[in-house]
Every structure is written in C-alpha cells, then in structure tokens.
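Each chain, letter by letter, is given below.
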Amino acid sequence: IAKIKGGPTEGLDEVGENLVVEGWVRTLRVQSSITFIEVNDGSCLSNMQCVMDSEAEGYNLVESGLITTGASIWVQGILVKSQGSKQKVELKVKKIVLVGKSDPSFPMQKKRASKEFLRTKAHLRPRTNTFSAVARVRNALAYATHKFFQENGFVWVSSPIITASDCEGAGEQFCVTTLIPSSREAVDSPVDTIPKMNDRFIDWSQDFFGKPAFLTVSGQLNAETYATALSDVYTFGPTFRAENSNTSRHLAEFWMIEPELAFADLNDDMACATAYLQYVVRYVLDYCKEDMDFFNTWIEKGIIDRLNDVADKDFVQITYTEAIDLILRANKKFEYQVKWGCDLQSEHERYITEEAFGGCPVIIRDYPKDIKAFYMRQNDDGKTVAAMDMLVPRVGELIGGSQREERLEYLEARLEELKLNKDAYWWYLDLRRYGSVPHAGFGLGFERLVQFVTGMDNIRDVIPFPRTPDSAEF
Ligand code: 4AD
Ligand code: MG
C-alpha cells in the first residue's frame, strides 16, 4: 500500500489507489450516516478529506467519540473523486486506527485564535494553517539560500557562537559565564538568592575561558578570515543581540546569512545581494504555490504580485546623502527630524521604500562613517564609508553590508580613533598584513526575509521559538 504524504495536491489524482495517510485530525463532522474527517500531516496546507461509513474497520472509534480534533490517526482507504467542491479527491476509508488520542483541552480548536494567544502555545502553533505555512516557506528559503550560494561557488563556513569580539561594536552582547551557580541551581532558586554580578565581583580569570566570553552578534569577522583564504564564502547560523527593543522586527536570537566576497568591492556586494534576494523570492513563488496563495488571501493581499515585481525588476540605488535630501523634501511629518550624519529611523526607511519609490527595494550606500562600524572601508571624501543597507517595504532594513577596510594603516588608525583595543583584533589585522585583498559582504536577517516573503507582521511569528525580552514562555 502506498503511503502518501499530505493531502490531495495538484499532481495527485491517482483515483482508485489504495493509500495510507497518517496525520492529525483538524475537524470531524457527521452527516447522516457519513463521517468526514479532515486530516493534515503538515506536508501541505490542504487536508486529506477522509470519508467513512459504518462499514469501515475502526468505525467504533468514531462512535465512541475518540476521534477528536488534535488526535493522531492512521487511515487506509481508496482514493476517489470527491463529490465536494473544495477538493478534487478524497479518501474512502477502509480502516482507521487511533494512534494518539487528544485531550478535550486541546487549545487549537478555535478557528481564528489570535497570534498573541498562539505565541503562548509555541509547541502547538505549528498545528495551525498559518504557522505550518510559515514553517514550510522558512524551510524553502533556507534551502534556496544554500542552493543559491552553492551554485555560485560559495563555501559555507560555520562561524562560532561563543566569541570574544563584538563585531558591530554596539555593546549588545549576551555574556557567557560559569561564574554563577550551575544552571540547575539558577533555574530553581528565587531570583534574589543568585549572586548579583557586577564589575567589582567578577574575576574573569576564574571563569571557564579565563576571560570574558559572549554570544556572537555576527559571524562576519570569522567569515572574513575564510574569504581571504577560500575566496567567496557564506555563513548561515544563529546570532544574538541584547537590544532591548520590543519591536515587531527585533529578536534577541535570530538567524543571519552573511556572504563574504573576496576580490570584490561595494558594487559587487550590492549585485550579489540583489541577485540573492531575487533568486530566493523566485524560488518560493515557484515552489511554495499553495502556501503563497494562502498568504496572498489571508495575510497580505497582493503579496504575490509584489514579490513578482521584486524578482523581476531592478532595485533602486541611492546614496545616503540623497536619502537625507528626499526625507527633508518629503511632504510629510516625521516623529524624528533628520540631518546629514544621523541614523535613519524605521519611519524614514519605510517612507523611502514604500512611498518615495512605490514599494520597490531600495539600496542606500555611502553612509557617514561615524554611524557605522569600525571595519567599513573609508571613501575618498574622508567622511563616508562604503556601506550599504537594503530596505524593503513593511520590514525596513533587510540587509546591512559594506566593503571592508583592507588597508592595514587605515584600519589601525580607525581602531585608535574609536579607542578600540588593537591587541584584541590582532588576528583581524593579520588578514591585512598577509596578502590583503579588497573584499565585501553583507548580513541578511533571515526572519526579516521570512516576514517580507510571507507578509507576517510580527517577527515573533516567523521563527519557531521566538526569544525577546517579553517572551517568558521558555
Ligand atoms: O546591519 P547589521 O547589524 O550588520 C551586521 O551584523 C554585519 N556584520 C553584517 C555583515 O556585513 N556581514 O545586521 C545585519 C542584518 C540587519 O540588516 C537585519 O536584517 C538583521 O541582521 N538584524 C536583526 N534581525 C532580527 N533581530 C535583530 N535584533 C536584528 N539585528 C539585525
Ligand atoms: Mg544594520
């Protein structure tokens, strides 16, 4: 007997076949002598409609009320043409087995539970249409990411999670230490009894690594060491930021994709970012049709057309100076005023991509050096660096990247200017000492990409287990 995955999808209309379906009951309804069970195994959105009469083996399970929403079942039957309009085919059940019953308290019964409610049920929310669709599209985006870089000759490098360096220099790192009681004690004891850590009491030499250690905010510096040996590389892994921003675009733990291109400048970097985004968007439109139709209908109307444009049309490129001009000339009141030299707030970013350029992704380049990280290459004007951010509608900043400062003397001068400890960067400086090359790269926040492609409003709803200051459910 063929075992099939999923419900009646486009290609599946082998009427007459003897099949097995395993999955979870979404709904059960009885219509005179016929029982309809909608079963879903997570492989696609559509349920397999299982139609049963009292002849079927195991019918007593239905009679005794054991087949309820949430229960897991094994069903065997014949695929037949469906009488209903919602599906082409359905399973005429010969035998049903209850694999695991579901307690009546199963919380996913209600059709339109709020996303806030579902966040408190992170372990069960993948049983809903929205969250299973997000999980499949997220998976497709990860697959397409590897496919894109592998097909273009990039080598995947695993960057470390525990590190001593703060790549972005924003002081937003989580500390990793063994100087507090064991995790068991810490979790079990009331908060007040855990020794407070402050500067006076920390003797880092007594700690696990003999010095402070942190969770990485970015794998870039490590990627650079491999790019200056293997040429083009990319990382794809978890990164952590202790930013106390409770927004719909920030997580404390998020995944980042960081390509690093050797023998490349900012133009190559922007071209790579554009080609990458267009590739993964096209991939999802081609291979996640059912899920994308769902998002188009229920989450963001018109998202498919919008993504088709992204995949086909050129992106806008402007300089930071031009962006500031645009904002100053906008016939619109912003909460924050801008002037040359300041960081753009999300209201400005959204204005630029959503209004000034009508929903097209916009790349802004050549930012003032004072608002960007130490490693970015200085432009000849002495005021700006070869940085670029890609902004997309609704999400704002999707990508941040730059050409790296490959000239040893410039980099050393910049570290001094910023009063950074040069000794801590000895290995990074070595890369400029031994066969330095122009190189460039970018970081793309994977969850922001999933938001952009699905239309989901809140970043907490596009990662299986969100970690934010307000998520205490772990
Ligand atoms: O702009 P960022 O800080 O750049 C870097 O970390 C560079 N080292 C990247 C590189 O050049 N290799 O972060 C890159 C991207 C942002 O554009 C954003 O999409 C995402 O990471 N990001 C976050 N996503 C979710 N939650 C957060 N707290 C994020 N912070 C950054
Ligand atoms: Mg950034």
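Reading the values: the criteria
Residues numbered from 1 in each chain as written. Chains lettered and ligands numbered in written order. Predicted model: local features only at pLDDT ≥ 70, side-chain atom pairs only at ≥ 80, totals over all residues. Helix = DSSP H or I, 4+ residues; strand = E, 2+ residues; numbered from the N terminus. Buried ≥ 20, exposed ≤ 12 C-beta atoms within 10 Å, placed from the backbone. Contact = placed C-beta atoms within 7 Å. Axes fitted to C-alpha atoms, helices over the stretch in contact; angles between N-to-C directions. Parallel < 35°, antiparallel > 145°, perpendicular 65-115°, else oblique. Left-handed = near helix turned anticlockwise from the far one by under 90°. Pairing = 2+ DSSP bridges. Near = placed C-beta within 6 Å. Nonpolar A, V, L, I, M, F, W, Y, C, P; charged D, E, K, R; others polar. Domains from an automatic or database assignment. Arc of directions from axis to C-beta. Core = buried A, V, L, I, M, F, W, Y, C linked by C-beta atoms within 7 Å.

Caption draft 1: Up close: the overall build of the protein. Helix and strand counts for the protein stand at 13 helices and 17 strands. Counting only C-alpha atoms, the protein reaches 85 × 60 × 50 Å along its principal axes. Counting over 474 residues, the protein shows a buried share of 36%. Within the protein, contacts between residues separated by at least 24 positions form 68% of all contacts whose residues are at least 6 apart in sequence.

Caption draft 2: Representation of the packing of helix 3 (residues 129–151) against helix 6 (residues 266–287) in the model. Orientation of helix 3 relative to helix 6, taken along the N-to-C sense of each, is 135°, at an axis distance of 9 Å. Of the possible angle classes, the one that applies to helix 3 and helix 6 is oblique. Considering how the two elements wind past one another, helix 3 and helix 6 form a crossing that is right-handed. Taken together, the residues of helix 6 that come into contact with helix 3 (itself represented by Val137, Ala140, Leu141, Ala144, Thr145 and Phe148) are Tyr276, Tyr279, Val280, Tyr283, Val284 and Tyr287.

Caption draft 3: Structural detail: the sheet that holds strand 17 (residues 439–445). Strand order in the open sheet formed by eight strands is 7-11-12-17-16-15-14-13, with mixed pairing between adjacent strands. Each having just a single partner strand, strand 7 (155–156) and strand 13 (316–319) make up the two edges of the open sheet. In this fold helix 5 (residues 220–230) packs onto strand 7, strand 11 (233–240), strand 12 (253–262) and strand 17, with an angle of close to 30° to the strand it touches most, strand 12.

Caption draft 4: Focus on the pairing of strand 14 (residues 362–368). With six of seven residues buried, strand 14 lies mostly within the body of the structure. Of the pairings in the sheet, the one linking strand 13 to strand 14 comprises four bridges and is parallel in character. When the sheet's bridge partners are listed, Ile318 is paired in strand 14 with Ile364. In terms of strand pairing, strand 14 meets strand 15 (residues 384–392) through six bridges, oriented antiparallel. Looking across to strand 15, one finds that Arg365 is bridged to Met388.

Caption draft 5: Representation of the sheet that holds strand 9 (residues 175–176). As summarised here, the arrangement of the three strands in space is 8-10-9, forming an open sheet in which the pairing is antiparallel. On the outer flanks of this sheet lie strand 8 (162–163) and strand 9, each paired with one strand and no other. By the bridge criterion, two bridges tie strand 9 to strand 10 (residues 213–215) in an arrangement that is antiparallel. Bridging across to strand 10, Cys175 finds its partner in Phe214.

Caption draft 6: How the structure looks around unusual backbone geometry. Of note, Ser32 is a non-glycine position whose phi angle comes to about 45°, a positive value. Locating Ser32 in the fold gives a position in the loop between strand 2 (18–31) and strand 3 (34–40). The exposure class assigned to Ser32 is exposed, which follows from the 6 C-beta atoms found within 10 Å.

Caption draft 7: Looking closely at the site of ligand 1. Around ligand 1 sit 24 residues, and of these Ser218, Gln220, Gly400, Gly443 and Gly445 come closest. Elements supplying a minimum of two residues to the shell around ligand 1: strand 12, strand 16 (396–403), strand 17 and helix 13 (446–454). Its residues placed into classes, the shell around ligand 1 shows eight nonpolar, nine polar and seven charged.

Caption draft 8: Summary view of the pairing of strand 16. Strand 16 sits mainly inside the fold: seven of its eight residues count as buried. Pairing of strand 15 with strand 16, which is carried by six bridges, proceeds in the antiparallel orientation. Paired with Leu391 across the strands is Glu397, a residue of strand 16. As paired elements, strand 16 and strand 17 share five bridges and run antiparallel to each other. For Gly400, the partnering residue across the bridge sits in strand 17 and is Gly443.

Caption draft 9: The domain arrangement of the protein, seen in detail. As far as domains go, the protein holds domain 1 (2–100) and domain 2 (129–177 + 212–461). Taking the mean C-alpha position of each, domain 1 and domain 2 sit 45 Å from one another. Listed as interface residues are four residues of domain 1 and, on the opposing side, six residues of domain 2. Across the side of domain 1 that touches domain 2, the residue classes tally to two nonpolar, two polar and no charged.

Caption draft 10: Structural detail: helix 9 (residues 320–329). Of all the positions in helix 9, only Tyr320, Ala323, Ile324 and Ile327 are classed as buried. The buried side chains of helix 9 occupy one side of the element, clustering within an arc of 100° when seen end-on. Contact partners of the buried residues in helix 9: strand 13, helix 10 (346–356), strand 14 and strand 15.

Caption draft 11: Structural view of the nonpolar core. Core analysis: the biggest nonpolar cluster contains 74 residues, and Val137, Leu141, Val284, Leu398 and Val453 have the highest contact counts within it. Non-local contacts of Val137, meaning those with residues more than four positions away in its chain, are made with Val284, Cys288, Asp291, Val450, Val453 and Thr454. Among the nonpolar cores identified, the runner-up in size contains 18 residues, and Trp24, Ile37, Met48 and Val75 belong to it.

Caption draft 12: Representation of the packing of helix 6 against helix 8 (residues 303–312) within the structure. The contact between helix 6 and helix 8 brings their axes to 8 Å, and the two run at 140°. By the angle between their axes, helix 6 is oblique relative to helix 8. The handedness of the crossing between helix 6 and helix 8 comes out as left-handed. Taken together, the residues of helix 8 that come into contact with helix 6 (itself represented by Leu277, Gln278, Val281, Arg282 and Leu285) are Ile304, Leu307, Asn308, Val310 and Ala311. Taken together, the residues of the contact of helix 6 with helix 8 sort by class into seven nonpolar, two polar and one charged.

Caption draft 13: Up close: the environment of Leu230. In this structure, Leu230 sits in helix 5. Linking Leu230 and Phe154, residues 76 residues apart in sequence, is a C-alpha distance of 8.8 Å.

Caption draft 14: Region of the structure containing the environment of Arg125. For Arg125, the location among the structural elements is in the loop between helix 2 (115–119) and helix 3. Given 22 C-beta atoms within 10 Å, Arg125 falls into the buried group. Residues Arg125 and Pro464 lie 339 residues apart in sequence; the distance between their C-alpha atoms is 8.9 Å. When residues no more than four places from it in sequence are discounted, the contact partners of Arg125 are Leu118 and Phe131.

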